[in-house]
Amino acid sequence: MGNKTFQSLTNPLAKNNPVLVQILGICSALAVTTQLKPALVMGLSVTAVCAFSNLVLSLLRNGIPDRIRIIVQLVVIAALVTVVNDVLKAYVYDVSKQLSVYVGLIITNCIIMGRVEAFALSNKPLPSLLDGIGNGLGYGAVLVIIGFVRELFGSGTLFGYQIIPESFYEAGYVNNGLMLFPPSALIIVGIIIWVHRTHNKDLQEK
Amino acid sequence: MELLKLFIQSTFIDNMVFSFFFGMCSYIAVSKSVKTANGLGLAVTFVMLMTVPLNYLLENYVLKKGALAWVSPEFASVDLSFLSFILFIAVIAAFVQLLEMVIEKFSPSLYNSLGIFLPLIAVNCAIMGGALFMQQRNFATVGEAAVFGFGSGFGWWIAILVMAAIRERLSYSNIPVGLRGPGIAFIITGLLGMAFMIFSGFQM
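Only a predicted model underlies this, so the values are computations on that prediction, with no experimental measurement involved.

About the criteria used
- Residues numbered from 1 in each chain as written.
- Chains lettered and ligands numbered in written order.
- Predicted model: local features only at pLDDT ≥ 70, side-chain atom pairs only at ≥ 80, totals over all residues.
- Heavy atoms only, no water.
- Helix = DSSP H or I, 4+ residues; strand = E, 2+ residues; numbered from the N terminus.
- Buried < 20%, exposed > 50% of the residue type's maximum accessible area, 1.4 Å probe, protein only.
- Contact = heavy atoms within 4.5 Å.
- Areas by Shrake-Rupley, 256 points an atom, 1.4 Å probe, with all protein chains shown as cover.
- Lys, Arg positive; Asp, Glu negative; His and termini not counted.
- Charge placed at Lys NZ, Arg CZ, Asp CG, Glu CD.
- Salt bridge = Lys/Arg side-chain N within 4 Å of Asp/Glu carboxyl O.
- Polar contact = N/O pair within 3.5 Å; in protein donor to acceptor, adjacent residues only side chain to side chain.
- Axes fitted to C-alpha atoms, helices over the stretch in contact; angles between N-to-C directions.
- Parallel < 35°, antiparallel > 145°, perpendicular 65-115°, else oblique.
- Left-handed = near helix turned anticlockwise from the far one by under 90°.
- Nonpolar A, V, L, I, M, F, W, Y, C, P; charged D, E, K, R; others polar.

Structural notes on the overall build of chain B
In step 1: Along chain B, the regular secondary structure elements total 10 helices and zero strands.
In step 2: In chain B, buried positions account for 49% of the 204 residues.
In step 3: Of the contacts formed within chain B by residues at least 6 apart in sequence, a portion of 76% connects residues at least 24 apart.
In step 4: Total accessible area on chain B stands at roughly 9,200 Å², and carbon and sulfur atoms take up 69% of it.
In step 5: Looking at chain B, you have 10 positive and 9 negative side-chain charges, and the mean spots of the two groups are 14 Å apart.

Next comes the structure, spelled out in structure tokens:
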């Protein structure tokens, strides 16, 4: 595998993360992260959809007329999401219930459309597949970080197992209820972006 | 009266941005100037007002289990709901395409200032989210669906307008370098969200 091909897999993980740098796919990133498990499932679902939509549309790229490409892209993505939705319903029904409409919203996740438009339509299938996997995982990584913070401080558990010991609660420790509400997720993302930009100085705005 | 309640509920209590994070991408990216934000808010409200009832009709007369019974009784057991994602997004994409042509014809200045975000309304999660919530909540009439669509779009409009006004002011403040741009935008949205949480106690 060439160095450049490999970079399309690793670059989106940190340096060029789709959520933190391009501010794409935020909607679902925030809504499903009150617990770690749905966050992880969501990250994997998006990775699968992103990888395969990139692959399929890269294979089709020479046959799609430019004027109707958005509809074609949406139909391919919607078909893949329908498959993912049914798989989740069949194998992890409780998580699928928790994710509710947010599985359907993978269709309108800007990361997937954005990667197809910006990468798959002008590159060969293999780099496109890797780019899809990389971006999906980069998205998943941010989700897992947010889910970790929110579940640990909001409910004192991780993956549903109690982490903060009983003795803490007896000593007067209280879970931070705000972590379970939407605003906390926004503030956590803001702080993650802050840290990320402090490390990557070329991204900072003047 | 019921409709008014539904409108207030979908605009303030279940605000698309602050309680469901729908349409965050364009919300953060387009809220740099009040004028553009206003145009996009208007477009989103209009698209939601039209597509939610359209998708409601599609859901109730084509997709749902037994919905095809009006064609002939044999179809009463047909369940096409697995097609709902594809059909909803197709309706939305077609409608946005139409809107794009209309705006280009009648207001080229708005068309230019919205730029890439006009076609991206098609992938604005607020609109798809409105369609999916409509499917979940089983509204009784098409009128209720229309009010829900309008209320949700209007809530989104208010949210992006408030945000744009704050961000215009922010250009005079001294923000830590790493936090400038999207970072501070997220934190402000979080604070606004906390303010909007006061509505959650209302009993409608």
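Having seen it, we continue.
Structural notes on the pattern of salt bridges
In step 1: Tallying each qualifying case throughout the model produces four salt bridges over all chains.
In step 2: Put simply, Asp131(A) and Arg115(A) hold a salt bridge, and the shortest N to O gap is 3.0 Å. Taken together, the residues Asp131(A) in helix 8 (residues 125–155) and Arg115(A) in helix 7 (residues 110–118) connect sequence positions 16 residues apart. For the pair shown, Asp131(A) and Arg115(A) are each scored as buried.
In step 3: Linking Asp14(B) and Arg137(B) is a salt bridge whose minimum nitrogen-to-oxygen distance equals 3.7 Å. Highlighted residues: Asp14(B) in the loop between helix 1 (2–13) and helix 2 (16–20) and Arg137(B) in helix 8 (residues 125–137), separated in sequence by 123 residues.
In step 4: According to the relative accessible area criterion, Arg137(B) is partly exposed, its value standing at 32%.

Some points on the side chain of Asp131(A)
Residue and element names in this part refer to chain A.
In step 1: For Asp-131, a relative accessible area of 3% gives the class buried.
In step 2: Among the polar contacts listed, one links the side chain of Asp-131 to the side chain of Arg-115, at a separation of 3.0 Å.
In step 3: What Asp-131 contacts, discounting residues up to four positions off in sequence, is Ser-8, Asn-54, Arg-115 and Phe-119.

With respect to the packing of helix 4 (residues 34–63) of chain B against helix 9 (residues 142–170) of chain B
Geometry of a packed helix pair, given as the angle between the helix axes and the separation of the axes.
Residue and element names in this part refer to chain B.
In step 1: In contact at an axis separation of 8 Å, helix 4 and helix 9 are set at 165° when each is read in the N-to-C sense. Taken together, the axes of helix 4 and helix 9 are roughly antiparallel relative to one another. Along this stretch, helix 4 crosses helix 9, giving a crossing that reads as right-handed.
In step 2: Residues belonging to the contact of helix 4 with helix 9 are distributed by class as follows: 23 nonpolar, six polar and one charged.

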